[in-house]
There are 2 protein chains.
Amino acid sequence: MTAAKPTKKPTIADIAKLAAVSVATVSNALNGTGRMSARTRRRVEAAMAELGFVRDHGAAKLRTGRSKLIGVLVNDISNPFFGEFAAALEAALSARGFLPILANTGDDADRQRALLDEMLGHGVAGLVVSPTIGTQPEDFALVRDRGIPCVTCVREVEDAPFDFIGADDFSAARLGTRHLLDGGHAKIAFVGGLPGAATWHRRCDGFFSALREHGIEPDEDLIRPGPAMRAFGRTAARQLADMGHPVSAVLCFNDIVALGACIGFKEAGVLVGKDVAVVGFDNLPDSEAWTPPLTTVEVYPRSIGANAAARLLRRLDGDESHPEISRLAPRLIARQSSPPLSGA
Amino acid sequence: MTAAKPTKKPTIADIAKLAAVSVATVSNALNGTGRMSARTRRRVEAAMAELGFVRDHGAAKLRTGRSKLIGVLVNDISNPFFGEFAAALEAALSARGFLPILANTGDDADRQRALLDEMLGHGVAGLVVSPTIGTQPEDFALVRDRGIPCVTCVREVEDAPFDFIGADDFSAARLGTRHLLDGGHAKIAFVGGLPGAATWHRRCDGFFSALREHGIEPDEDLIRPGPAMRAFGRTAARQLADMGHPVSAVLCFNDIVALGACIGFKEAGVLVGKDVAVVGFDNLPDSEAWTPPLTTVEVYPRSIGANAAARLLRRLDGDESHPEISRLAPRLIARQSSPPLSGA
DNA sequence: ATAGGTTGATTAAACGATACATCAAGAGAC
DNA sequence: GTCTCTTGATGTATCGTTTAATCAACCTAT
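Residues numbered from 1 in each chain as written. Chains lettered and ligands numbered in written order. Predicted model: local features only at pLDDT ≥ 70, side-chain atom pairs only at ≥ 80, totals over all residues. Heavy atoms only, no water.

Undergrad: Can you walk me through the protein's contact with DNA strand D in this structure?
TA: Every one of the 24 residues lining DNA strand D counts as a neighbour, but Ile12, Arg63 and Arg66 of chain A together with Thr25 and Ser37 of chain B are closest to it. When the atoms of DNA strand D within 4 Å of the protein are sorted by group, sugar and phosphate make up 68%. Between a phosphate oxygen of DNA strand D and a side-chain N or O atom of Arg55 of chain A, the distance comes to 3.3 Å. The side chain of Arg66 of chain A places a nitrogen or oxygen atom 2.3 Å from a phosphate oxygen of DNA strand D. If you list the elements that add at least two residues to the surface near DNA strand D, you get helix H2 (23–31) and helix H4 (57–64) of chain A together with helix H2 (23–31) and helix H4 (57–64) of chain B. With 4 residues, the top contributor of residues to the surface near DNA strand D is H4 of chain A. (Near = heavy atom within 4 Å. Polar contact = N/O pair within 3.5 Å; in protein donor to acceptor, adjacent residues only side chain to side chain. Helix = DSSP H or I, 4+ residues; strand = E, 2+ residues; numbered from the N terminus.)

This is the structure in structure tokens:
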């Protein structure tokens, strides 16, 4: 491969000249519109190949108003959950010729606002957003006003006129909690996750609901909200271990927090899977390989991504029906981290 | 938030009318170019706010030829390594006003070609690419010809006139291998990773180099290439465990493969951290929390992302110097998965 | 032979933002 | 009062593509 000699990029006018046809004919060849003889089509295609033509989508979008760009906003791309989500979403969208452009909000509402603006400015045909904590409906005012199809995911934003695809967090938390209750646990903590995201509230409600169903009144002191990160899980576990009246089980906001909690308990000399039961959410690929293998509630990030893509594609195809809310049914995956309460 | 009523999007012409100025003035206000009184600037800004103006970057790009889009191609966004990489890259680029658009090649060379075309068509100002396996230099011909700044990462593509930022894979493999050799291991397998990616070859060379340095001739039968995935690590471990002359240590292509190997060995009744030593690459956030905690070679995905961004920004600022190859120094993180060979 | 159809290709007007060239008006110098 | 400078603002061509409106041949049927 030899050194670069920056070439001016060829336009359809250059192709037209080389193929001795008009620009309109080139455009038609490009889009399969209009009518033309097979011979000229070949000539045009040969010319495009020779000059290394690549169509300027921006210019086309300017003229037609149509675009194949889809803006995707996630709040933490380094979290494997969103990695899986994004991979599935991308596969489904690009199969239909769309180009998802993925940006990371880092759970910063200001950055989310800026990115939404930026995406609109680039003329996206649609949006898929996992909203940041603290998202206000007005943050999406421009999207709404422009009538750009937008599917929200994972975290619901209340009163926004958009489709939503996510896990059924209420049921998921109930599943996890009931699993512990059925094992005889009564003093159960709920660790991690930030109020401000709908996900947390729904899981918290599910947690409460299951407890009350078993005649247990939730103990405010056992609700430990915090960033959904390993570090928080670890410190929370240590605090719980140091409490006067230790808990026998912990429901964690996600597997990452759960892993942190396992580390924290281990450091505190408490044996997970024996002295204490731990349950997470997400069924991260690694969770079954931990020691002990983690009980978790599978919430299907790939399905959420795939469904979000399908929903958005329907909207792009012109479906104008009322926004739909879908909560995918979760599944409990019981493993060794959450044994029944021992007789002791 | 009320229902949608798709508004036509306002252009600078609309702003100009409302503010009773010319389009040129609006454009100047937008870009801070030209001269204008503070009063008119305020009028223009008020008009933009009132109508909810958002600038059409595509149109601007068409006119100016300048763009703030950066194409980013990774080969597996669901791999946490690339998640970390992408997050760091994005942070650095967006701090300078660029918008990285991230796409996933899924390690498919055809898809990579298509995506490169697509990105060029969208007028990216620059590219950051972690090339797929089987990438040919000609796949980047258009990028080279157009003179678009392009930084390759993680895997080097030979004979391509681009900057490269990655780990020093040769040294990394030597580090990991020497650690095992120093522990007295002699029968060491190298598991996972596909020939076809430069990364694999360099690591393989580093592995060989360390062995030979200790007077050990590499045994072809102990080289077990395969997809860098958990499943492969697992099957490879089982095969190794079933061999007549079992290995005492395994160097894995990355932590994911290493985790798979741990599972495989466990299933085969071989105790990792006792009967067999396992070393990985990447230092995934979870690797220290596994049982036993994994010895790994840290290759700093965030640093690779940050350096790639810095390099690209320099190019965008006009640096035309010869392409540079940077290999970031790795670091061995010794944990319990790789004890010295026991006397037995 | 002429009217009407079909086929294959062309012309030119958009799309939204930018930037060069131009200009009006007021300030200051003589 | 004329001349030059500066400040603030405008008119308009342009980027690359699409597409509606035309048009030139040629074919076919009367």
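Now, onward.
Undergrad: So what exactly am I meant to see when it comes to the interface of chain A and chain B here?
TA: A common way to state how big an interface is: give the accessible area lost once the parts meet. Contacts between chain A and chain B engage 62 residues on the former and 61 residues on the latter. The junction of chain A with chain B conceals about 5200 Å² of combined surface from both sides, 59% of it contributed by carbon and sulfur atoms. Scanning the region where chain A abuts chain B turns up 4 salt bridges. The shortest N-O distance in the salt bridge between Asp286 of chain B and Arg230 of chain A comes to 2.4 Å. Taken together, the links from chain A to chain B amount to 9 residue pairs in polar contact (both at pLDDT 80 or more). In terms of residue class, the side of chain A that touches chain B is built from 30 nonpolar, 13 polar and 19 charged. (Contact = heavy atoms within 4.5 Å. Buried area = accessible area lost by both parts, 1.4 Å probe. Salt bridge = Lys/Arg side-chain N within 4 Å of Asp/Glu carboxyl O. Nonpolar A, V, L, I, M, F, W, Y, C, P; charged D, E, K, R; others polar.)

Undergrad: Help me understand the sheet that holds strand E8 (residues 249–252) of chain B in this model?
TA: Strand pairing in a sheet takes place through backbone hydrogen bonds and is either antiparallel or parallel in direction. Residue and element names in this part refer to chain B. Pairing is mixed in the open sheet, where 6 strands are placed in the order E7-E6-E8-E9-E10-E12. The two strands at the open ends of the sheet, each matched to only one other strand, are strand E7 (223–224) and strand E12 (331–333). With 3 bridges joining them, strand E9 (residues 277–281) and strand E10 (residues 295–298) adopt parallel strand pairing. In the sheet register, Gly280 faces E10, and the bridge partner there is Thr296. Set on the sheet, helix H10 (residues 230–242) makes contact with strand E6 (188–191), E7 and E8; between it and E6 the angle comes to about 155°. Helix H11 (residues 255–267) contacts E6, E8, E9 and E10 of the sheet and is inclined by roughly 155° relative to E9. (Pairing = 2+ DSSP bridges. Axes fitted to C-alpha atoms, helices over the stretch in contact; angles between N-to-C directions.)

Undergrad: What's the story with the nonpolar core in this structure? I'm lost.
TA: Generally speaking, a soluble globular protein has its nonpolar side chains buried in company with each other. Val128 and Ile304 of chain A together with Val128 of chain B are the most contacted members of the largest nonpolar core, which has 74 residues in total. Contacts of Val128 of chain A, omitting those with residues within four sequence positions, involve Ile70, Gly71, Val72, Leu73, Phe85, Leu89, Val151, Cys153, Ala308 and Leu312 of chain A. Grouped together as the second largest cluster of nonpolar side chains are 49 residues, Leu259 and Trp290 of chain A together with Met243 and Ala289 of chain B included. (Core = buried A, V, L, I, M, F, W, Y, C linked by side-chain atoms within 4.5 Å. Buried < 20%, exposed > 50% of the residue type's maximum accessible area, 1.4 Å probe, protein only.)

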